[in-house]
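# Structural features, examined
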Amino acid sequence: MGAVAAGSIRVEGKTVEEAIRRAANLLQVLPEELAVEIIDAGNKGFLGIGRRTAVILARPAEEVAVTGQESNTEPDLEAAAETGPVIVDEPAGEERSAYAWVEAGQVHIGGGELPATIIPGDHFELYVNGRPIAGEAAVRAGDTITVKPREELKDGEWKLTVAADGLTAKLTIKPGYKRTWKLQDRFPASRLELTGEPVDVALPAVTREELLAEFNRQQVVYGIDEEAVQQACTATREMEIVVARGQPPQPPEDGRVEYLFCTSEMARREVNDEERVDYREMVVRASAAVGDLLAVKIPPRPGKPGMTVTGKAIPPPEPKDIELVAGKGTEVIDGQRCVARAEGRPQLSQRQGKVIIDIVPVLVHRGDVDLASGNLKFKGCINITGNVTETMQVVATQDVEIGGDVTQATVRTGGSIFIRHNCIGSLLVAGGIKSIYQSAEPVLTDLAQQLSLLQAAAGQMERGARQRGRASSLNTGYLISVLVENKFKKLPSLAAKLEQLIRGAEGEPEEQNLIQLGHELVRAFGTPAAIQSLNTVKLAQMTAAVEEMAAYCRQLPPEGGNITLSYALNSKIQASGWVKVTGRGCFNTEIAAGDRVEIQGVFRGGSIYAGGDVYIKETGSSGGAKTLVRVAEGRVIKVGKIWPNCTLQIGKRIRQIDNEANQVMVYVNNDGDMILGIF
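Residues numbered from 1 in each chain as written. Predicted model: local features only at pLDDT ≥ 70, side-chain atom pairs only at ≥ 80, totals over all residues. Heavy atoms only, no water.

A separate point is the pattern of salt bridges. All chains considered together, the criterion is met by 19 salt bridges. We note a salt bridge from E258 to R256, for which the minimum N-O separation is 3.0 Å. Judged by relative accessible area, which is 39%, R256 ranks as partly exposed. Here R420 makes a salt bridge to E401, at a shortest N to O gap of 3.0 Å. One end of the pair, R420, is in the loop between β38 (417-419) and β39 (422-424); the other, E401, is in strand β35 (residues 400-402), with 19 residues separating them in the sequence. (Salt bridge = Lys/Arg side-chain N within 4 Å of Asp/Glu carboxyl O. Buried < 20%, exposed > 50% of the residue type's maximum accessible area, 1.4 Å probe, protein only. Helix = DSSP H or I, 4+ residues; strand = E, 2+ residues; numbered from the N terminus.)

For the rest of this paragraph, the subject is the packing of aromatic side chains. Scanning all chains against the criterion turns up three aromatic pairs. Summarising the aromatic geometry, the rings of Y259 and F261 are spaced 6.0 Å apart at their centres and angled 65° between planes, so their arrangement reads as edge-to-face. On the accessibility criterion, Y259 (26% relative accessible area) is partly exposed. Centroid distance Y567 to F587: 5.8 Å. Interplanar angle 50°. Geometry classified as tilted. A residue pair is termed long-range when its members are at least 10 positions apart, and Y567 in strand β41 (residues 563-569) and F587 in strand β43 (residues 579-593) qualify at 20 residues. The exposure classification of Y567 matches that of F587, with both residues buried. Between the NZ or CZ atom of K148 and the centre of the ring of Y127, over which it lies, the distance is 5.1 Å. Sitting over the face of the ring of F679, K638 holds its NZ or CZ atom 5.5 Å from the ring centroid. (Phe/Tyr/Trp six-rings, centres within 6.5 Å; stacked < 30°, edge-to-face > 60°. Lys NZ or Arg CZ within 6 Å of the ring centre and 35° of its normal.)

A few words now on the sheet that holds strand β28 (residues 337-340). What the four strands build is an open sheet, ordered β20-β23-β28-β27; its pairing is antiparallel. The outermost strands of the open sheet, each flanked by one partner alone, are β20 (256-259) and β27 (330-333). Each adjacent strand pair in this sheet contributes to an overall mean axis angle of 20°, direction not counted. Note: β27 against β28, four bridges, orientation antiparallel. Across the sheet, the residue bridging to T330 is A340, located in β28. (Pairing = 2+ DSSP bridges. Axes fitted to C-alpha atoms, helices over the stretch in contact; angles between N-to-C directions.)

Any functional reading would require information that these geometric values do not contain.
Structure below.
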């Protein structure tokens, strides 16, 4: 290092740039106006280890130009390090000025004999050697300097507001604050002005005592939230908080009507992911039977009064009432319950505080009955403008009218069935339970006859065995099974046919006896082992039950339950009343009617069981199609043309037709003989 020029100062800093800025501040020149010699460029070290500060020698550049030479005097670096971060070299024989700086919030004095000046500014109080100083202070090295920040206090703002409805009291808060000043670090200077950064500490705007006093002034006495009060009295941020809540009045319950039926004409049934779905049963249509409860009125209930935060009661509004009114086909009982007095679809309307419920007796279905529409099931009449398609069902308690065909479907009704076109591969049941009883009557009659003969034959064999002294070794069940297998072969098939007829019954109370009897007969004659378990006592009991049920079926009046259609193929037709076929006729079809049967075309293949007279334009075929026509005792069969292999039966009397004949009338004369005459 060369000699240090006179008037140079030695300055340290974290970096060379920082040391240059300090030197420029001390010499009150711009950094670019300095002549600088770097003594030590410094080192940041690694993680603070081995760090060194930068050291420079600086003086105004103009002094270098004037002197034109450098001093050979080398500065004492070790002495400078002990006295402070900055050492100023002055020419010998001149007094040096002291200088002051701020580091880490403390004021330091260093330098020569002439005093430095400290200006406290507006935000600090200055104490020199324990004495307060107003204005500027001259200080020297060795003086004790104390600086205290001034404090500024600003009160918070708050306001308590009671809502117009009196249900809440809300406190709006803007906190106050206490402001102090943090002394900023300054570079060394002979004239040092203290500067600081403001430091604000938020203060709660309201105390608990002040808030309680405001409660008292505004008469807030109900629903005070202690937790909210505590939060408000300690809040140090702007906020709005509800400090009291009233009790709103509990609203009344208006009068209403609960409907016990689906209020829409049709709705789709909801199913879950795991449920097996029959898409024919997805559509539900509302319908009601006589006596069904349709709706119940729920009377209005008053509400409960509330309370404002100022302790005033809030009355609830008055409830609204509603009137339940009977319409067509309904009755309202005691103003509370609406009951159906006719079958059909319930329909409601509302106007001017009234609910009116009517019964619409006819369900009109426009279009086909298919998967899109679902099965039709209705308590009342059904009018279908289209066809009834494959696998679909139409069930009604009253009449059904179908504008198209019925194909491989089922139609059941408690009234009559009218089909404008054809019935193919389908089941028609008209008259409800009556049709089932009347269809079962001829089967029950045959069962009664067969059971009576079987009982007589088994009894005769038992008596013969006793006469021969072999009663102990006689196996009655085995004998009955042999008789059934060889002589009474029709019994198992008749029992199965009866069960098939009652399979469509829905199990209403009046049907239970017939259903139970059918199940018992099937169990008794269903297997050889079951037949071998029979005895003459059981046979007598079954015979009596079958005869009683057959007599009951014969006594049912053939009222209603009629079926009219144009053409039938491979179908089953059951009617409690009459059956009328107006078109080509019937092929391979079974007809069971409680009253007369009229076929204006051909009846070829199949059977007819009628409780009344039968008229057929033509029956049988030239090819000998097996055809049976059977009527009740005392009834008449008329056939325009009859072919061989047809069987005609009146009561228990049977006649097989062997030759073609025209205009045949079959009846029983006064002597009980079956006569084939001409009409």
